[in-house]
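# Structure at a glance
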Amino acid sequence: MLDYAKSNRREVIAAAVLIVLLTIYLGTHPRGASTYVMTIWANQCLILGLAACAQFFAVVVRGIDLSVGAVMALTNTIASYLLDGSPAGIAMGMVAVVGAGALCGLLNGVIVVFGRIQPIVVTLATASVFVGLALLLRPTPGGAVNYDLADAMTLDVLGIPTALVITAVVVFAFWLPFRRTGLGLGLYALGSSEQAAFQSGIDTRLVRLAAFTLAGVFAGLAGLFYSFVTTTGDAGIGPGFTLNSIAAVVLGGVLLRGGVGSLVGALAGAFILKTIASLMFFSGIPSLAQPLFEGLILAGAIAIGGADVLRARNKLEVFK
Amino acid sequence: MITRTSTRAVTFDSLVPYFGVIALIIAGSFFFPQILSVDYLTQQLQIAAFLGLLATGATIVILLGHIDLSVPWVLTGAAILSTALVGTGNPMLSALAVPAALAFGALIGLINGLGVAVLRIPSMVWTLAVNSMLLGLAVLNTGGFNPRGESSPLMVAMASGDFLGLPFSFLIWIAVCSGLTWVLVRTPFGRYLRSIGFNEKAAFLSGVSTPSVVCAAFAIAGMCSALGGVMLAGYANQAYQSMGDPFLLPTIAAVVIGGTSILGGRGGLFGTIGGALFITLLTSILSVMQIGDAWRNIIFGVIILAMLLFQTLRKGAAQ
C-alpha cells in the first residue's frame, strides 16, 4: 500500500485533495450529502473528466489536443439528431456518435504522423474545421435526446450517481487492463523517449495514431455524455472545455512533456476543478468575486505542483 | 546548431504567407473586383495591425519555446484600464491611459515569466491560470457588465488615424516589429532568446541568465498584447467583456503560418507580419463573400492546414 502510494505520488495527492474538497462541498451544501446533490455534482465532473481523459491520451505521447472541445461540440450536435426514436436506432446512434469522435481523432493523428506537423498546430486548425461542421449541423442550439435514456445515464443506480458508476467502469474495466497491454505501455514509452521507443521496436507511428484516436473516442464520449445532461445539441460548447481539460490533466499530475501520469490522475484533476467551481457557488463569497477566487485557486494549485523545483539539489535538475 | 540562415530576418518560410496574401487578393478579385480598391486594402492593413501586434508578442514567446495563453484578458484588461482612466474626465489621468495600460501589460508579462522561469510551471498552464485570474479581476471590477469609460483622442487616432494615406495602426505595428526585429537579430538578448528556444539547458550552462531572459520576453509580449488592447478600445471607442477571446487562436495561427517553429528557436517577426496579413485578409474575404459562419470555420481550418502541410512537405523534399 505504501509502495503504491510512493510510486503513484501524483495521483495519490490529487485524490486526497479531491476528497478534502468534496467533504467541504458536501458539508457546506445546504442540502447536505444527498443523492440529488451528488448526482448533479458527479454529472458536471464526468463531462470534464471525459474531456480530460481525451486530453490525457494526447499529452501522454508528448502531444496536446486543442480540438477536444470542438470534437465535443461536433459529437454533441450529431447526438442531438440520432439519439431519439427506436431503441435500436438509439443504440446505433450512440455508436455513430463515438465513432465520429474516433474519426476526428484519427484525422488529427494522421496529419500529425504523416504531415509531421506539431500536434498543437494541427489540432488548432482541425478544431476550426470540427466547429464548422458542428455549426452546419446545428446553426442554433436545438434537437432532442431521448429522455428515458438521458435520465438513465444522468440520475442514480441504487443511490449511487450513474456518472460515478461510469467513472468506475472507465477506470476498472478500461484503464487498468489497458495500461498493461502492449499499446498501453507503448504510449508511455513513446512519451518518455521517442527514440528509445523506436529503437526497442515499437511502431511509433502506429502508437501515436492510436493515442490520438483514443483522444477522439473520449472526446466523443464526453460529447455524448454532455448530450445526456443537456438533452440538446449546441455547436458553441467547445472553447471552455479545451482549456479546462489541459488544466485538469496538469492538476491530476500528468506532465505536459509526456510519459508521466495516468487516466486516474486526469479524472481526479477534472473532478477537483469542477468541485472547486461548485464549492464557490455555495461558499458565501460574493458572486462577482467568485471567478477571481476560482482563478486564484487554480493558479495556487498549479504553483504548489511546481514547488518541487525549490527542493532541487542541483540547479541543472530543473531543466528537463 | 544555429546556422547563419536562422538568424536572418527574411527566409523562404517567412515569405510563404506573403505569397498566400497575393494569391488571396488575386483569387478574391475574380469574385469581387472591389477587393483591388485602395480603400479596401488600406482598411485591411488597419485591421491587421490589431492581430499583428498580438502576434508580435506571441512570436517573441514562441521563439523562446513557450506559449502565452493570457493574451485575451491582458488585452481586455488593458482596454478596460485605459478607457476607465479616460472616463474619469481628469486630463492628467487621461494622459496616463496608454502608459498605464502598457505598464499593466508588462506587469502581467512579468508574472507569467516568473511562474514559467522560477517555478518552472509549463507556460501553457501557468498563462492559462493567469488569464483566468485576470478574468476574475475584470468581473469583480466591472460587475460583469460592460465597463464604463471611453477612449481618448490619442487612442482613437492610434487605431483609426492615418498618415500619408497609411493607417496609423499599421505604422505603429510596423514600427514595433522593426524595433523588435533589430533586438532579435542584433542584440545579445535576441541570441539568448533563440538559444533558450533551441536548448534551455545549454543556454544556462553557457552562462545566460535564463530566468531574466524569459521574464523579459514575457514582459515584451504582455506589452504587445496591452498595446493591441488599447488600440482595439480606440477602434471600438469602448472596452467590452471578453473582447480578446476571438483573438487567441488566430494569433497563434498567424505566428505559425509565418514560419516560426512552435518548438522555439526558429523563426522571426517578418513572417509573422505576413501571417497576420494573411489571416486578416482571409477572414475578411470570407465575410465579404457572405459565406456562413460554419463554412468560414471549415475553410479557415483547411487553408491553415494546407499552408502548414506545404511548408513541411517542402522541407521534406529539400532534405
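Computed from a prediction, not measured in an experiment: that's the story for all the values here.

What counts, and where the lines are drawn
- Residues numbered from 1 in each chain as written.
- Chains lettered and ligands numbered in written order.
- Predicted model: local features only at pLDDT ≥ 70, side-chain atom pairs only at ≥ 80, totals over all residues.
- Helix = DSSP H or I, 4+ residues; strand = E, 2+ residues; numbered from the N terminus.
- Rg over C-alpha atoms; globule rule 2.2 N^0.38 Å.
- Buried ≥ 20, exposed ≤ 12 C-beta atoms within 10 Å, placed from the backbone.
- Contact = placed C-beta atoms within 7 Å.
- Expected span 1.5 Å × (residues − 1).
- Domains from an automatic or database assignment.
- Nonpolar A, V, L, I, M, F, W, Y, C, P; charged D, E, K, R; others polar.
- Axes fitted to C-alpha atoms, helices over the stretch in contact; angles between N-to-C directions.
- Parallel < 35°, antiparallel > 145°, perpendicular 65-115°, else oblique.
- Left-handed = near helix turned anticlockwise from the far one by under 90°.
- Core = buried A, V, L, I, M, F, W, Y, C linked by C-beta atoms within 7 Å.
- Bend = angle between axes of the 7 residues up to and from the residue.

## Remarks on the overall build of chain B
Across its full length, chain B carries 14 helices and two strands. At 19 Å, chain B has a C-alpha radius of gyration in line with the 20 Å of a compact globule built from 319 residues. Across its three principal axes, chain B shows a C-alpha extent of roughly 60 × 55 × 40 Å. Burial status across chain B gives 55% buried among its 319 residues. Expressed as a percentage of contacts within chain B between residues at least 6 apart in sequence, the contacts between residues at least 24 apart total 78%.

## Re the overall build of chain A
Regarding its fold elements, chain A presents 14 helices and two strands. Taking 320 residues into account, the globule formula puts the C-alpha radius of gyration at 20 Å, and chain A, at 20 Å, falls close to it. Seen through its C-alpha atoms, chain A measures out along the principal axes to roughly 60 × 45 × 35 Å. For chain A, the proportion of its 320 residues judged to be buried stands at 49%.

## Side note on helix H6 (residues 119-137) of chain A
A rise of 1.5 Å per residue sets the reference length of H6(A), with its 19 residues, at 27 Å; its end C-alpha atoms lie 26 Å apart and thus fit the reference within 8%. Of all 19 residues in H6(A), 16 are buried, a share of seventy percent or more.

## Description of the environment of Ser70(B)
Residues and elements named next belong to chain B. Residue position: Ser70 is located in the loop between helix H3 (38-63) and helix H4 (71-87). In this structure Ser70 comes out as buried when scored by C-beta crowding, with 31 C-beta atoms within 10 Å. Here the alpha-carbon distance between Ser70 and Gly244, two residues 174 residues apart in the chain, equals 9.6 Å. The contacts of Ser70, once residues within four sequence positions are left out, are Ile108, Asn112, Thr127, Val130, Asn131 and Leu134.

## Focus: the domain arrangement of chain A
Residues and elements named next belong to chain A. When its domains are assigned, chain A resolves into domain 1 (2-284) and domain 2 (290-320). Measuring from the centre of the C-alpha atoms in domain 1 to the corresponding centre in domain 2 gives 24 Å. Across the boundary between the two partners, domain 1 contributes seven residues, which contact eight residues of domain 2. Contributing elements (two or more residues each) for the side of domain 1 that touches domain 2: helix H12 (238-251) and helix H13 (263-281). For the side of domain 1 that touches domain 2, the class distribution of residues is six nonpolar, no polar and one charged.

## Describing the packing of H4(B) against helix H6 (residues 123-142) of chain B
Residue and element names in this part refer to chain B. Put simply, H4 and H6 touch, their axes get as near as 8 Å, and they point 30° apart. Looking at the two axes, H4 sits roughly parallel to H6. Note on packing geometry: the crossing formed by H4 with H6 is left-handed. Two secondary-structure elements touch here, H4 through Pro72, Trp73, Val74, Thr76, Gly77 and Ile80 and H6 through Asn131, Leu134, Leu135, Ala138 and Thr142. Considered class by class, the residues forming the contact of H4 with H6 number seven nonpolar, four polar and no charged.

## Some details on the packing of helix H2 (residues 9-28) of chain A against H13(A)
All names here are of chain A. Following both chains from N to C, one finds H2 and H13 inclined at 25°, their axes separated by 9 Å at the closest point. Overall, the two elements H2 and H13 adopt an arrangement that is roughly parallel. The chirality of how H2 crosses H13 is left-handed. Contacts between H2 and H13 involve Arg10, Glu11, Ala14, Ala15, Val17, Leu18, Leu21, Leu22, Ile24 and Tyr25 from the first element and Val264, Gly265, Ala268, Gly269, Phe271, Ile272, Thr275, Ile276, Ser278 and Leu279 from the second.

## As for unusual backbone geometry
All names here are of chain B. Look at Arg120: it is not a glycine, yet its phi comes out positive at around 60°. For Arg120, the location among the structural elements is in the loop between helix H5 (91-117) and H6. Here Gln290, not a glycine, exhibits a phi torsion of approximately 55°, which is positive. With respect to the helices, strands and loops of the structure, Gln290 is situated in the loop between helix H13 (269-288) and helix H14 (293-318).

## Some points on the nonpolar core
Within the largest apolar cluster, 207 residues are counted, with the highest numbers of intra-cluster contacts made by Ala51(A), Phe130(A), Ala211(A), Phe218(A), Ala222(A) and Ala217(B). Per element, the largest residue contribution to this core is 18 residues, and it comes from helix H11 (residues 210-236) of chain B. Per-domain counts for this core show at least three residues from each of domain 1 (2-284) and domain 2 (290-320) of chain A. Ignoring sequence-local partners within four residues, the contact set of Ala51(A) consists of Val68(A), Met72(A), Ala219(A), Ala222(A), Phe241(A) and Ser245(A).

## Let's talk about the interface of chain A and chain B
At the interface, 40 residues of chain A touch 42 residues of chain B. For the side of chain A that touches chain B, the secondary structure elements donating two or more residues are helix H5 (87-115), H6, H12 and helix H14 (290-305) of chain A. Counting residues per element, the side of chain A that touches chain B draws most heavily on H6(A), at 12 residues. Along the lines of polarity and charge, the residues of the side of chain A that touches chain B split into 31 nonpolar, seven polar and two charged.

## Thoughts on H5(B)
Counted at 1.5 Å a residue, the expected span for H5(B) with its 27 residues is 39 Å, and the 39 Å between its end C-alpha atoms agrees. Of all the bends found along H5(B), the most pronounced is centred on Ala97(B) and spans about 45°, while Pro99(B), a proline, follows it within four residues.

## Details of the environment of Ile117(A)
Looking at the element boundaries, Ile117(A) is found in the loop between H5 and H6. For Ile117(A), a count of 20 C-beta atoms within 10 Å corresponds to the buried category. Residues contacting Ile117(A), with those up to four places away along its chain left out, are Ile111(A), Val112(A), Val122(A), Leu308(B) and Thr312(B).

## Quick notes on the environment of Arg266(B)
All names here are of chain B. Residue placement: Arg266 occurs in the loop between helix H12 (248-257) and H13. Under the C-beta neighbour-count criterion, Arg266 is labelled buried, with 20 such atoms within 10 Å. Sequence separation between Arg266 and Ile279 is 13 residues, and the spatial gap between their C-alpha atoms is 21 Å.

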